[in-house]
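# Topology and contacts: notes
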Number of protein chains: 2
Amino acid sequence: MSAARSASTARPYHHGDLRRALIDAALSLVTEEQDWTFSLREVARRAGVSHNAPYSHFSEKQDLLIAVAATGFERLRDRMKAAIGRTKAADEALLACAKAYLQFGAENPALYRLMFGPALAASKGGRPAEAREAGATAKVVLAEIILRGARSGLFAVSPDDAKDEAKIVFSAWAAVHGMTMLSLDEFTGAELTIDDLLEGLERTVLKGLIPR
Amino acid sequence: MSAARSASTARPYHHGDLRRALIDAALSLVTEEQDWTFSLREVARRAGVSHNAPYSHFSEKQDLLIAVAATGFERLRDRMKAAIGRTKAADEALLACAKAYLQFGAENPALYRLMFGPALAASKGGRPAEAREAGATAKVVLAEIILRGARSGLFAVSPDDAKDEAKIVFSAWAAVHGMTMLSLDEFTGAELTIDDLLEGLERTVLKGLIPR
DNA sequence: ACCTGAACACCGTTCAAGT
DNA sequence: ACCTGAACACCGTTCAAGT
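For the structure given in this document, a descriptive report is provided here. Residues take numbers from 1 onward in each chain, read along the sequence in its written order. In the order they appear in the text, chains get letters beginning with A and ligands get numbers beginning with 1. A pLDDT threshold of at least 70 governs which residues receive local features in this predicted model, and a stricter bar of 80 or more applies before side-chain atom pairs are shown or counted, although totals over entire chains, interfaces and linings include all residues. Side-chain calculation: all heavy atoms of the structure are included, whereas hydrogens and water are not.

Strands here are runs of E lasting at least two residues and helices are runs of H or I lasting at least four, both read from the DSSP assignment and numbered beginning at the N terminus. Within chain A, the regular secondary structure consists of 8 helices and 0 strands. Written out in order from the N terminus, the α and β elements of chain A read α-α-α-α-α-α-α-α. Contacts are assigned to residue pairs with any non-hydrogen atoms lying within 4.5 Å of each other. By sequence separation, contacts in chain A at least 24 residues apart represent 69% of the contacts at least 6 residues apart. Total accessible area on chain A stands at roughly 9600 Å², and carbon and sulfur atoms take up 50% of it. The accessible surface values rely on the Shrake-Rupley method and a 1.4 Å probe; as for residues, cover is taken only from the protein chains in view.

Structure representation (structure tokens):
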């Protein structure tokens, strides 16, 4: 309980930004140890505080999980944005985006599982609104590309219908998400690389979107 | 601890088929209470045995979870088989199958989450082979339909290439799975019904598969 | 306002012992 | 072979108390 904060100027009682430190500690457990089944007490230990200090910043464990998941969604969004930044046409962008998405999942299996797993799906009843908003972060990038493709006339979508738009965007997201998740669980059923998966996407979802 | 087995002929010590009873108890917790975060002790309580009796039949909790998930995959397969039994052409069968899949998820959210969640994805390292085999059950039905469509010339797949086949089947499964999972977590982002989701699938995956 | 120590009601798992 | 009771090392959460 003392070695953990022996960095330089030991803060004896108040931590300064314990909230941030707890999120970082949880994030390191998820990304470094690849373990999303961490306990709140372990996070507190990592942050060098007592096991109930977190309750000053999160009313329950799930709130911390949601905060970690939100960081994950931001990272995923950044990866996608960086990937599409190097592209021109919308179909190229969509493919690059899907590839970045699949790679993110492959590189951060535990974080990806946390983002779409227990944190958001409460054991009973509906999931907290905060969790749903965090997840929408990732979808927005896909929506932008698809709308771009629609406006430029490259994709077969009618952009004046909001519900129709939602259907298409959701279909695309679901296809990429499903691939990511199932490949993490080794459900591919064959030795398929990320490029194999992308080719599958191209020949199904993309082919449906692009009428050529 | 006594009321639970006061049915007719009370079996005092040996249960008869405790293994089956434990799986059923867990299944009822998942499907009736819609709670996949049950404890092993609670399952034992439901079955009317001591909290460590399960260890005579399952070496750890995860083994019971896998058994429950396997039952879930069988039910999903049966639902799909029943749905395609009433169809003729392969494209019609694929759509009916996808609809049955989406409905199964919507009706059994907790079971579906268990099937694709914590049980199969161990906190660290690879998932047990037994868990992966159970999951393949569901994919087989999709594979059959797609191969049928390919052989009949209705789908744009070359059936003589096994890897190519795996790519296409996996793409289709991923699309349906992703939709099911994301809609359970209320990530649709709009009020989309199952028929809306199906339409999205039809215009993306199916359109890619069927060259017309 | 933020953190600690002791306490409560749970877990999963193990082990010696009973039938 | 199958089940029980007691025990161990954990949890998440609460509450009164300290700074």
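Moving on, there is more to tell.
Only heavy atoms are used to decide nearness, and a residue is near a molecule or strand if one of them lies within 4 Å of it. Around DNA strand C, the surrounding shell holds 22 residues, and the nearest of these are S50(A), N52(A), H57(A), L40(B) and R41(B). Near the protein, meaning within 4 Å, the atoms of DNA strand C are sugar or phosphate in a fraction of 53%, with bases accounting for the rest. Think of a polar contact as two N or O atoms within 3.5 Å of one another; within protein, one of them needs to be a possible hydrogen donor and the other a possible acceptor, and neighboring residues in sequence only count if both atoms come from side chains. The separation between a phosphate oxygen of DNA strand C and a polar side-chain atom of H57(A) is 2.6 Å. Separating a base nitrogen of DNA strand C from a side-chain N or O atom of R41(B) is a distance of 2.4 Å. Per-element tally for the surface near DNA strand C: the top contributor is helix 2 (residues 40-47) of chain B, with 3 residues. Partitioned by chemical class, the residues of the surface near DNA strand C number 7 nonpolar, 11 polar and 4 charged. Note that Gly is not counted as nonpolar here; it falls among the polar residues with everything else outside the nonpolar set of Ala, Val, Leu, Ile, Met, Phe, Trp, Tyr, Cys and Pro and the charged set of Asp, Glu, Lys and Arg.

Let us now look at the environment of I23(A). Residue and element names in this part refer to chain A. On the secondary structure map, I23 appears in helix 1 (residues 18-31). Taking the C-alpha atoms as reference, I23 lies 6.0 Å from V68; in sequence the two are 45 residues apart. Not counting residues up to four positions away in its chain, the partners in contact with I23 are F58, L64, A67, V68 and T71.

To line up the copies, we fit them by least squares on C-alpha atoms, keeping just the residues with pLDDT of at least 70 in both. The transformation that overlays chain A on chain B combines an axial shift of 0.0 Å with a rotation of 180°, and the residual RMSD is 0.0 Å. On this basis, the relationship between the two copies can be described by a two-fold rotation axis. A high fraction, 100%, of the interface residues of chain A reappear at the interface in chain B, so the copies pair face to face through one surface.

Here we take up the interface of chain A and chain B. Facing the 54 residues of chain A at the interface are 54 residues of chain B. Buried area: the accessible area, evaluated with a 1.4 Å probe, that two parts lose upon being put together, summed over both parts. Contact between chain A and chain B buries roughly 4600 Å² in total, counting both sides, with carbon and sulfur atoms accounting for 62%. By definition, a salt bridge exists where a carboxyl oxygen of Asp or Glu is found within 4 Å of a side-chain nitrogen of Lys or Arg. At the boundary of chain A with chain B, the tally comes to 10 salt bridges. Where chain A meets chain B, there are 12 residue pairs in polar contact (both at pLDDT 80 or more). Among the elements that make up the side of chain A that touches chain B, the one with the highest residue count is helix 7 (residues 162-184) of chain A (17 residues). Classifying every residue of the side of chain A that touches chain B by side-chain character gives 23 nonpolar, 14 polar and 17 charged.

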